[in-house]
Amino acid sequence: MSQKIKVGVIGSGTMGAGIAQVAAQAGHEVVLFDQNTFALNKAGESCVKIFDRLVEKEKYTREQADEILARIDLSESITHIEDCMLVVEAIIEDLSIKQDLLKKLENLVVSDCVIASNTSSLSIALLASQCEFPDRVIGLHFFNPAPLMPLVEVVPAVSTKEGLADEMKELMLSWNKVPVIAQDTPGFIVNRVARPFYGEALRILEEGIADVPTIDWAMKEIGGFRMGPFELMDYIGHDINYKVTESVFEAFYYDPRYKPSFTQKRLAEAGWLGRKSGRGFYNYEEGAKNPEAIKDQELGTGVCNRILSMLMNEAVDALYLNVASHEDIELAMTKGVNYPKGLLSWAEEIGVEEVYDRMADLYDHYCEDRYRPSPLFRLMLQEGNESFS
């Protein structure tokens, strides 16, 4: 695929506008479509402000910034995407709405145009199933904010034509992104492997082992993560984070490893969505005082080890089930959610047997399938193998 193709982006929200910016920065002519005039104008104004700041920071000259902005055509007419060779939809995460859109796009664009979905959790095969030519439909999952987050999950469906994933990977590299190829399984790589970061933190809270600030402190100070799980859930928004967990849980036939938390559900129901609503696990209202962490090293280490072991177990299982390659799993977690280390190499550093023993202890203690160790641990121990690569 030519690196200077025309690109269409459907949806001018934060993600859609971000993808349009990334494509324009890579030298493409871009059509950013939205039928909502207010949203489209807001996206255009936001892009101008972003490039004004980049000029101030001397990342671009004024002339370079204006050239990039001129490549983005804000359009309320979907017919303007007719000559695009790649169209990325970034609309609401609703299956039927996305399916209807893909069918409409198929009748507008040329026969060899690639139609991509930015879905974070929906099946690409199911999205493509209503199309007459599902072989040209693929997942391109960018992370928010798209101009700053390097990772893109490239997700071919079973119906996607052979070689298209590699073409998209090469195109994303030309956009200065870090592309990884993932199987079309629930959550792809990141939203699957990262679930215990939230779920196990919530479970520890619900059991009364540690409170919110203490768990966040442990994961940052002992684990080395940039944000604690509760800080991150508040940042993402509990409406969004809970829905992703719920969709992954349902898609995995209610596997208890991905079971959502009533604690988080109640926050979402109450409208305590996190930072954007002013209240979540923390209170963000002006003058509010939040509780301090209990900085007990032994308690913190126990919390950190438990969450980390669950994360490693999920990464190991993703490798065992060929969700993605070793390299792509490591890249996804370090570049997509900024983990301090790749989980597979981190498990090797701690020791395969040690991580397995931690999981086995949790399984014995709780007698819940949630804590079952990945079969790959047993296979490696039987073979005396200490490396996942």
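Residues numbered from 1 in each chain as written. Predicted model: local features only at pLDDT ≥ 70, side-chain atom pairs only at ≥ 80, totals over all residues. Heavy atoms only, no water.

Engineer: Explanation requested: helix α4 (residues 95-108) in the structure shown.
Structural biologist: Residue pairs spaced three or four apart in an α-helix point in one direction, given the helix's 3.6 residues per turn. Taking 1.5 Å of rise per residue, 14 residues should cover 20 Å, and α4 covers 20 Å from first to last C-alpha, within 8% of that figure. Restricting attention to buried positions, one finds in α4 the residues Lys98, Gln99, Leu101, Leu102, Leu105 and Glu106. The buried side chains of α4 occupy one side of the element, clustering within an arc of 165° when seen end-on. Residues of α4 that are exposed and point more than 90 degrees away from the buried face comprise Asp100 and Asn107. (Helix = DSSP H or I, 4+ residues; strand = E, 2+ residues; numbered from the N terminus. Expected span 1.5 Å × (residues − 1). Buried < 20%, exposed > 50% of the residue type's maximum accessible area, 1.4 Å probe, protein only. Arc of directions from axis to C-beta.)

Engineer: How should the sheet that holds strand β8 (residues 178-181) be read in this particular structure?
Structural biologist: Within a sheet, adjacent strands bond to each other through the backbone by hydrogen bonds, running parallel or antiparallel. Spatially, β3-β2-β1-β4-β5-β6-β7-β8 is the arrangement adopted by the eight strands of the open sheet, whose pairing is mixed. Only two strands of the sheet have a single neighbouring strand rather than two, namely β3 (72-75) and β8. Each strand axis lies, on average, 25° off the axis of its neighbour in the sheet, ignoring direction. For strand β1 (residues 7-10) and strand β4 (residues 86-89), the ladder comprises four bridges, and the chain directions are parallel. Bridging across to β4, valine 7 finds its partner in leucine 86. Each of β7 (151-156) and β8 is contacted by helix α14 (residues 326-336), which is oriented at about 135° to β8, the strand it contacts most. (Pairing = 2+ DSSP bridges. Axes fitted to C-alpha atoms, helices over the stretch in contact; angles between N-to-C directions. Contact = heavy atoms within 4.5 Å.)

Engineer: Just checking my understanding: could you explain a negative patch on the surface for this structure?
Structural biologist: On the surface, Glu353, Asp357, Asp361, Asp364 and Glu386 cluster together into a negatively charged patch. Taking relative accessible area as the criterion, aspartate 364 reaches 55% and is therefore assigned exposed. (Patch = residues over 30% accessible without salt bridge, like charges linked within 9 Å, V, L, I, M, F, W, Y side chains within 5 Å. Areas by Shrake-Rupley, 256 points an atom, 1.4 Å probe, with all protein chains shown as cover. Salt bridge = Lys/Arg side-chain N within 4 Å of Asp/Glu carboxyl O. Lys, Arg positive; Asp, Glu negative; His and termini not counted. Charge placed at Lys NZ, Arg CZ, Asp CG, Glu CD.)

Engineer: Please clarify how a positive patch on the surface should be interpreted in this entry.
Structural biologist: Taken together, the side chains of Lys49, Arg53, Lys57 and Lys59 present a region of like positive charge at the surface. Inspection of the secondary structure puts arginine 53 in helix α2 (residues 37-56).

Engineer: Honestly, the packing of helix α1 (residues 14-25) against α2 in this entry has me stumped. Any pointers?
Structural biologist: In helix packing, the relevant descriptors are the interaxial angle and the interaxial distance, both defined with respect to the helix axes. Axis separation between α1 and α2 bottoms out at 10 Å; the angle between their running directions is 50°. Regarding the angle of α1 to α2, the classification is oblique. Where α1 crosses over α2, the two elements pack in a sense that is right-handed. Facing Ala17, Gln21 and Gln25 of α1, the residues of α2 in contact are Ala43, Cys47, Ile50, Phe51 and Leu54. The class makeup of the residues in the contact of α1 with α2 is six nonpolar, two polar and no charged. (Parallel < 35°, antiparallel > 145°, perpendicular 65-115°, else oblique. Left-handed = near helix turned anticlockwise from the far one by under 90°. Nonpolar A, V, L, I, M, F, W, Y, C, P; charged D, E, K, R; others polar.)

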